[in-house]
Amino acid sequence: MGWLRQAVVDLRPLRRREFRLLFGAQAVSLAGSQVTYVAIPYQAWRLTRSPLAVGLLGLAELLPLLATALPGGALADARDRRRTVQATELGLAALAAALAGNALLARPHLWVLYAAAAGAAALQGLQRPSLDALPPRLVAREELPAAAALEGLRGSLGMVAGPALAGLLVAAAGLPAAYTVDVASFGCSLLLLSRMRAVPPPEALPGPRAVREGLRYARGRPELLGTYLVDLVAMVFGMPLALFPAMADRYGGAGVLGVE
């Protein structure tokens, strides 16, 4: 039966209360974020009928993400990681609320979509290092592969189900309702996170010094720089997301948007 055990997801990390709370919080907020991730480009298309305008959302997200990734790592080493995740989740909820309010206007503003996309990318850049650093503090060392597998499963399901839900919400209830669902998902996430214990960081370098050390480390390793470059090229040129809203309009409307 050894091969069967290897083929089944190991659920042991979910027996640990803190990991279970974090897992549930991220499952809910990921689904909500995917709804907004689909709704913003679709609304930009509806306002402009321009794939270029939709594509510029990616540029608006890229620069803030690059600017906050390293400071986010330093923050994870200097602050309570749970509180960092809470603060960024609260910021993301505020952006989703602003998008819902904008969508309710008789003439929604396009610039709000770009500002919200940029703000969300910046907050995610700050959040990701703290989020990734939490599981090793919440489960036993031998359970880390199982925790990573569970997180991968959660991510895959969220990235499939979330966009499909977004298309159905936009088609059936409209853009304001889709953004409101995202706000509610962050509310659920914050409630679960509030029940976790504090996760203080280990002793680390001060923030600015840690960022400089990280840059120096990356510059000295060509294999890392090559990986970053390949990933950046794939993100910018290998994902034709700007075309999806126009394709959805042609082949069935918002209801098929998330399926694409």
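A short tour of the structure in this document, coming up. (Residues numbered from 1 in each chain as written. Predicted model: local features only at pLDDT ≥ 70, side-chain atom pairs only at ≥ 80, totals over all residues. Heavy atoms only, no water.)

Attention now moves to helix α3 (residues 51-78). Turn by turn, an α-helix covers 3.6 residues, leaving residues three or four places apart pointing in a common direction. For α3, spanning 28 residues, the distance from its first C-alpha to its last is 41 Å, which sits close to the expected 40 Å at 1.5 Å a residue. At Ala69, α3 is bent by approximately 35 degrees, the largest bend along its length, and proline Pro71 sits one to four residues beyond. Considered for burial, the residues of α3 that qualify are Ala53, Val54, Leu57, Ala60, Leu62, Pro64, Thr68, Gly72, Ala74 and Ala76. (Helix = DSSP H or I, 4+ residues; strand = E, 2+ residues; numbered from the N terminus. Expected span 1.5 Å × (residues − 1). Bend = angle between axes of the 7 residues up to and from the residue. Buried < 20%, exposed > 50% of the residue type's maximum accessible area, 1.4 Å probe, protein only.)

Throughout the structure, instances matching the rule amount to one aromatic pair. With a centroid separation of 6.0 Å and 35 degrees between ring planes, the pair formed by Phe19 and Phe23 is classed as tilted. With Phe19 and Phe23 both in helix α2 (residues 17-48) and four residues apart, the pair spans about one turn of that helix. Overall, the relative accessible area of 17% leaves Phe23 in the buried class. (Phe/Tyr/Trp six-rings, centres within 6.5 Å; stacked < 30°, edge-to-face > 60°.)

Our focus in this paragraph is the pattern of salt bridges. Evaluation of the coordinates by the stated rule reveals five salt bridges. Among the salt bridges present, the one from Asp10 reaches Arg12, with a minimum N-O distance of 2.8 Å. Among the residues examined, Arg12 registers a relative accessible area of 32% and is labelled partly exposed. Close ionic contact of Asp132 with Arg128 constitutes a salt bridge, the shortest N to O distance being 3.2 Å. Of the two residues, Asp132 and Arg128 are both situated in helix α5 (residues 110-133); the distance of four residues between them amounts to about one turn of the helix. Residue class for Asp132 comes out partly exposed when judged on its relative accessible area of 46%. Note on Arg128: relative accessible area 44%, which makes it partly exposed. (Salt bridge = Lys/Arg side-chain N within 4 Å of Asp/Glu carboxyl O.)

To continue, consider the environment of Pro135. Summarising the element assignment, Pro135 is placed in helix α6 (residues 135-138). As a C-alpha pair, Pro135 and Leu22 span 113 residues in sequence and 8.5 Å in three-dimensional space. Setting aside residues up to four positions removed in sequence, Pro135 forms contacts with Phe19, Leu22, Leu144 and Glu151. (Contact = heavy atoms within 4.5 Å.)

Counting residues in each nonpolar core, the largest one holds 25 residues, and the members touching the most others are Leu57, Leu99, Leu113, Leu175 and Tyr179. Going through the elements one at a time, α2, α3, α4 (81-104), α5, α7 (144-173) and α8 (175-194) are the ones with two or more residues in this core. Residues contacting Leu175, with those up to four places away along its chain left out, are Ala39, Tyr42, Gln43, Ala103 and Val170. In this structure, Leu21, Leu134, Leu138 and Ala147 belong to the second largest nonpolar core, which totals 15 residues. (Core = buried A, V, L, I, M, F, W, Y, C linked by side-chain atoms within 4.5 Å.)

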